[in-house]
Amino acid sequence: MGKVGKPEKLIENNKRLDGRGLEDMREMSIEVGVIKKALGSGTFRFGETYALSAVYGPKPFHPRFLQDPQKLVLKCKYTMAPFSTTERIRPGYSRRSIEISKVTRLSLNNVVFTEDYPRTGVDVLIEIMQADASTRCAGINAASIALADAGVPMKDLIASCSVGVIDGTIILDVGGIEDNYGEVDLAIATVADQDKFVLLQLDGILTKEQFMEMLELGKKGCAKVYEMQKNALREKYQTGDLDDTE
Amino acid sequence: MEENKDTESQVLVKERELVTPGDVLATGLDFLPSSGCYRENNKIKAKLLGLAKIKNRFIGIIPLSGVYVPRPGDGIVGFVKDMQSTSWIIDINSPYDALLVLGEAVGEFVDITKRDISVYYDIGDVIYAKVLNVTKSKHVQLTMNDHRAKKLSDGRIIKITPSKVPRLIGKQGSMIELIKNETKCQIIVGQNGIVWIRGEKEGLATRAVKMIEQESHVSGLTDNITELLQKGE
Amino acid sequence: MTLSNYIKKLVEEGSRIEKRRFDEFREVKVEKGVIKTAEGSARVRIGNTHVIAGVKISVGQPFPDTPDEGILIVGAELNPIASADFESGPPSEDAIELARVVDRGIRESKAIELEKLCIEAGEKVWMINIDIDILDHDGNLIDAGGLAAIAALLDAKIPKYEDEKIVKGEFIGNLPVVDMPIPVTITKISNKLLLDTNVEEEDAMDARITISSNKDNNLCAMQKGGDGHFTTEELEKAVDLAIEKGKELRALLT
């Protein structure tokens, strides 16, 4: 009856199945500028979840009649590689990836200085290479890096992470098995490490008090992501002093 | 991040310090944001990944990447992409195309009923022109009314990231002069990242330009370039 | 001054274009059983927004990982009839989002007892298709669509199934619906929170958040939209508003 293969307990002695504490995030890593043909690119990893993002633009926006004469228009496409999940998924778009493309675009739109490049478009492409839950969060983090690498002007970076409830307990950074058998899943993104939520999607039954607690924990997670993003961008160019050119 | 009195005016970064979008570069109302920066309340913050540039009260950023946005006065290398009866559309390696009107391209009177303007500039021609003006919605006008402006023929064209152009030119033109002399080439560097090379050792010059683009942020670049040029083709 | 800017200014000054309070809904009308060809249906009108949801029940194969559970599929159509801004063709990202948000409210709250929809484990289960058809767009489509979907489910009856066939016109009972998740969308304009925005107010919005709550006044799904942001304080207020309004709207279904 019910879901096949659920482990008896997801938390034991305050440790999760992969050994993490309740507020521990998986190991994160970022690469900047991995796709040479793109104007900007980046990857982001939460443990086994691995997202790649490439940015093309600003470039002339087509079709012309949909151009905005005063602003840059962001287009975002989120897809999952067919080999990214245990069961192969059909390549291309699904209703889920269309929805995620939309909410990703809306989060990034919050910080891009669209008035700096009127009549243009920027394509943000996100491909999930390996999925172990929190894929949209990894995608948004990679896209933020890619936009900065491309020189698209932004108020700040967008940082995203997930918070869950498993076995009645609130945890940070939901992993695959926790996503399958948990009770609540919350994906959020903030502007930098500020109290400004630009992405929020929640599934599962919970009280208002639990929700407020999850938001607080989520903000801490986003702050950690933000710090990693900043360091990764700096490290890419930190190779000695530059000679004077003026 | 800053808990101390934000009303105090102070610069928080050093000249040429590497900054990322959202970094606070200065606090206080005495400073003004220039290219690449914005003001949020009483803080000046970075919009781009780049190097801080402090000039008197202006705080700006030299970007490390990004597309070319034309500014009046820029010298650019462009390609004639299309034409109408009295104007040409020029591809300037930017999200924005530029317009060159007959009056800004040809000094003499032209009777367009008798002459097709393609006799002056035709589709596919390469020109070095000056940006005359850029409107708020980024409509760009070029002019050939400048002593440096001309049609460029033969030689080869290479493209570099526009933000690396100052590095390629070097302090008072020192870097580009070095390459020109060692390769015996004419080299014209457009602010838009398009470089035209014509002369004896075009291949070597191309390699030098590419090396500068790749290693613009690495120290000892001048020495590496000198070494490359002296090894010859 | 554009209409959007005018609306923002009004909100800053504490009023709305239709002179409603910020937390006031337009008149809400719910009618069940409006489509005879559907196993369940409902019409919802919120002001000039007009939505019809239909439930079609058929027999199909279960998903491999839930061999003894029925299947729920929610679809939505932003019909070109409803607005000059809707185009015909495959569902737009907005239509897909609407369907998925309503779906999650119903699915996460376990409103339908899917385990009771098994005919033959591993082989045959009841498939519940809910389709939301937007017929007139004057804002607040998610709330209207969500309300119509639940009302249609409450109206739905399971057909009689005999000799491997559905017997037309005969029913064995109501669809086992045990909860009524109600989505309420809170829209932020000029740093204030408004309920039930009409189409012009939606053009002026910073951000919106749809919060679904169940009959125990717990939260079951949330979706933030728009390219603005919410602070923690605003989210807390939004949750309170959603639960409060959810209760009122739920009362219209019984």
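This structure is a prediction, so every number in the text was calculated from the model and none was measured.

Moving on, we get to the overall build of chain B. The secondary structure content of chain B amounts to 5 helices and 17 strands. The buried share of chain B, reckoned over its 233 residues, is 40%. Pairs at least 24 residues apart make up 53% of the contacts formed inside chain B by residues separated by at least 6 positions.

Interface extent is often summarised as the accessible area lost during association of the parts. Listed as interface residues are 29 residues of chain C and, on the opposing side, 29 residues of chain A. For the side of chain C that touches chain A, the secondary-structure elements that each account for two or more residues are helix H2 (93-108), strand S12 (219-225) and helix H5 (232-251) of chain C. Element by element, the count of residues in the side of chain C that touches chain A is highest for S12 of chain C, at 7 residues. Residue composition of the side of chain C that touches chain A, by class: 9 nonpolar, 10 polar and 10 charged. Relative to S12 of chain C, strand S11 (residues 197-206) of chain A runs antiparallel, the two sharing 4 bridges. When the sheet's bridge partners are listed, glutamine 201 of chain A is paired in S12 of chain C with glutamine 223 of chain C.

Residue and element names in this part refer to chain B. Taking strand neighbours across the sheet as the criterion, the 3 strands line up as S15-S17-S16 in an open arrangement whose pairing is antiparallel. Strand pairing shows two members of the sheet lacking a second neighbour, strand S15 (156-159) and strand S16 (185-189), which therefore form its edges. The mean angle between the axes of side-by-side strands here comes to 20°, regardless of whether they run parallel or antiparallel. Pairing between S16 and strand S17 (residues 194-199): 5 bridges, direction antiparallel. The partner of isoleucine 187 across the bridge, within S17, is isoleucine 197. Across the face of the sheet, helix H4 (residues 202-214) comes into contact with S15, S16 and S17 while running at roughly 155° to S17.

Turning next to the environment of valine 74 of chain C. All names here are of chain C. Locating valine 74 in the fold gives a position in strand S4 (residues 71-78). For valine 74, a count of 23 C-beta atoms within 10 Å puts it in the buried group. Between the alpha carbons of valine 74 and valine 101 there is a distance of 9.4 Å; along the sequence they are 27 residues apart. Setting aside residues no more than four positions away along its own chain, valine 74 makes contact with Ala99, Val102, Asp103, Ile130 and Ala149.

Of all hydrophobic cores here, the largest spans 165 residues; its most connected members are Val124 and Leu147 of chain A together with Ile132, Ala148, Ala149 and Ala152 of chain C. Setting aside residues no more than four positions away along its own chain, alanine 149 of chain C makes contact with Ala53, Val74, Val102, Ile106, Ile130 and Ile132 of chain C. Residues Tyr128, Val140, Ile188 and Ala208 of chain B belong to the second largest nonpolar core, which totals 42 residues.

Residue and element names in this part refer to chain B. Taken domain by domain, chain B comprises domain 1 (10-63), domain 2 (75-152) and domain 3 (156-231). One C-alpha centre belongs to domain 2, the other to domain 3, and the line joining them spans 26 Å. Taken together, the contacts link 9 residues of domain 2 with 9 residues of domain 3. The leading source of residues in the side of domain 2 that touches domain 3 is strand S9 (residues 75-83), at 3 residues. Here the residues of the side of domain 2 that touches domain 3 sort into 6 nonpolar, 3 polar and no charged.

Residue and element names in this part refer to chain B. Here strand S2 (residues 18-19) pairs with strand S7 (residues 50-55) via 2 bridges, running antiparallel. In the sheet register, leucine 18 faces S7, and the bridge partner there is leucine 51. Across 6 bridges, S7 lies against strand S8 (residues 58-63) in antiparallel orientation. Looking at the pairing, leucine 51 lines up with isoleucine 62 of S8. Hairpin connection from S7 to S8: 2 residues lie between these consecutive antiparallel strands, with asparagine 56 at a positive phi of about 50°.

Residues and elements named next belong to chain C. Per-residue confidence for chain C gives a mean pLDDT of 95; residues scoring 70 or more make up 100%. Looking over chain C, one finds the lowest element-wise mean pLDDT in strand S8 (residues 165-174), namely 88, and the highest in strand S9 (residues 182-189), namely 98. For this predicted complex, the interface confidence score (ipTM) comes to 0.91, while the overall pTM stands at 0.92.

All right, on to unusual backbone geometry then. Residue and element names in this part refer to chain A. Of note, the bond from glycine 57 into proline 58 is cis; its omega dihedral lies within 30 degrees of zero at 5°. When you line up the elements, proline 58 lands in strand S5 (residues 49-60). Proline 63 follows histidine 62 through a cis peptide bond whose omega is 0°. Even without being a glycine, asparagine 13 presents a positive backbone phi close to 55°.

Within a regular strand, side chains alternate between the sheet's two faces. All names here are of chain A. Of the strand pairs in this sheet, S5 and strand S7 (residues 120-130) are connected by 9 bridges, and their pairing is antiparallel. Its bridge partner being in S7, tyrosine 56 is matched across the sheet by aspartate 123. Across 8 bridges, strand S6 (residues 73-80) lies against S7 in parallel orientation. Of the residues in S7, the one forming a bridge with threonine 79 is glutamate 127. With respect to chirality, the unit in which S6 leads through helix H1 (residues 95-109) into the neighbouring parallel S7 is left-handed.

The next thing to look at is the sheet that holds S11 of chain A. Sheet strands associate in pairs through backbone hydrogen bonding, adopting either a parallel or an antiparallel arrangement. Ordered in space as S9(A)-S8(A)-S10(A)-S11(A)-S12(C)-S11(C)-S9(C)-S10(C), the 8 strands form an open sheet in which the pairing is antiparallel. Unpaired on one side and paired on the other, strand S9 (169-172) of chain A together with strand S10 (192-195) of chain C mark the two borders of the sheet. Averaged over all pairs of adjacent strands, the angle between their axes in this sheet comes to 20°, without regard to strand direction. Running over the sheet, H2 of chain C touches S11 of chain A together with S9, strand S11 (207-213) and S12 of chain C and is turned about 165° from S12 of chain C. Contacts between helix H3 (residues 141-155) of chain C and the sheet are confined to S9 and S11 of chain C, with S9 of chain C contributing the most and set at about 175° to the helix.

Right, let's get into the interface of chain B and chain A. Each side of the interface is counted separately: chain B has 25 residues, and chain A has 35 residues. Split into classes, the residues belonging to the side of chain B that touches chain A amount to 11 nonpolar, 9 polar and 5 charged.

This part is about the packing of helix H4 (residues 208-237) of chain A against H5 of chain C. Direction vectors running N to C along H4 of chain A and H5 of chain C enclose 165°, while the axes themselves pass 11 Å from each other. The angle between H4 of chain A and H5 of chain C places the two elements in the roughly antiparallel class. For the pair H4 of chain A and H5 of chain C, the crossing hand works out as right-handed. Contact residues: Lys208, Phe211, Met212 and Leu215 of chain A in H4 of chain A; Thr232, Leu235, Glu236 and Val239 of chain C in H5 of chain C. Split into classes, the residues belonging to the contact of H4 of chain A with H5 of chain C amount to 5 nonpolar, 1 polar and 2 charged.

On to H4 of chain B, then. All names here are of chain B. Compared with the 18 Å implied by 1.5 Å per residue over 13 residues, the 18 Å span of H4 between its first and last C-alpha is a close match. Within H4, burial applies to Glu202, Leu204, Ala205, Ala208, Val209 and Ile212. An end-on view of H4 places all buried positions within 165° of arc, on one side of the element. Against the buried residues of H4 lie S15, helix H2 (165-169), helix H3 (174-183), S16, S17 and helix H5 (221-231).

What counts and what doesn't
- Per chain, residue numbering runs from 1 following the sequence as it is written.
- Chains and ligands are labelled sequentially in the order written, the chains with letters from A and the ligands with numbers from 1.
- With the structure being a predicted model, the display of local features is reserved for residues of pLDDT at least 70 and the display and counting of side-chain atom pairs for 80 or more, all residues being used for whole-chain, interface and lining totals.
- Labels follow the DSSP assignment, with helices taken as runs of H or I lasting at least four residues and strands as runs of E lasting at least two, numbered in each case from the N terminus.
- Each residue is classified by how many other C-beta atoms fall within 10 Å of its C-beta atom, where C-beta atoms are placed from the backbone; a count of 20 or more means buried, 12 or fewer means exposed, and values in between mean partly exposed.
- Distance between backbone-placed C-beta atoms decides contact: two residues are in contact if it is within 7 Å.
- Nonpolar residues are Ala, Val, Leu, Ile, Met, Phe, Trp, Tyr, Cys and Pro. Charged residues are Asp, Glu, Lys and Arg, and all others, Gly as well, are polar.
- A pair of strands is considered paired only if DSSP assigns at least 2 bridges between the two.
- Axis definition: a line fitted to C-alpha atoms, limited for helices to the stretch in contact. Angles are taken between N-to-C directions and run from 0 to 180 degrees.
- Think of a nonpolar core as buried Ala, Val, Leu, Ile, Met, Phe, Trp, Tyr and Cys residues chained together by C-beta atoms that fall within 7 Å.
- Domain start and stop points were drawn from an automatic or database domain assignment.
- For every residue, the pLDDT score states the predictor's confidence, bounded by 0 at the bottom and 100 at the top.
- With its strands directed away from the observer, a crossover is right-handed exactly when the path from the first strand over the helix to the second travels clockwise.
- The cut-offs work like this: below 35 degrees is roughly parallel, past 145 is roughly antiparallel, 65 to 115 is roughly perpendicular, and the gaps in between are oblique.
- Handedness of each helix crossing follows the sense of rotation of the near helix against the far helix: counterclockwise by less than a right angle gives left-handed, clockwise gives right-handed.
- To estimate how far a helix should extend, the number of its residues minus one is multiplied by 1.5 Å.
- The arc in question is formed by the directions pointing from the helix axis toward the C-beta atoms.

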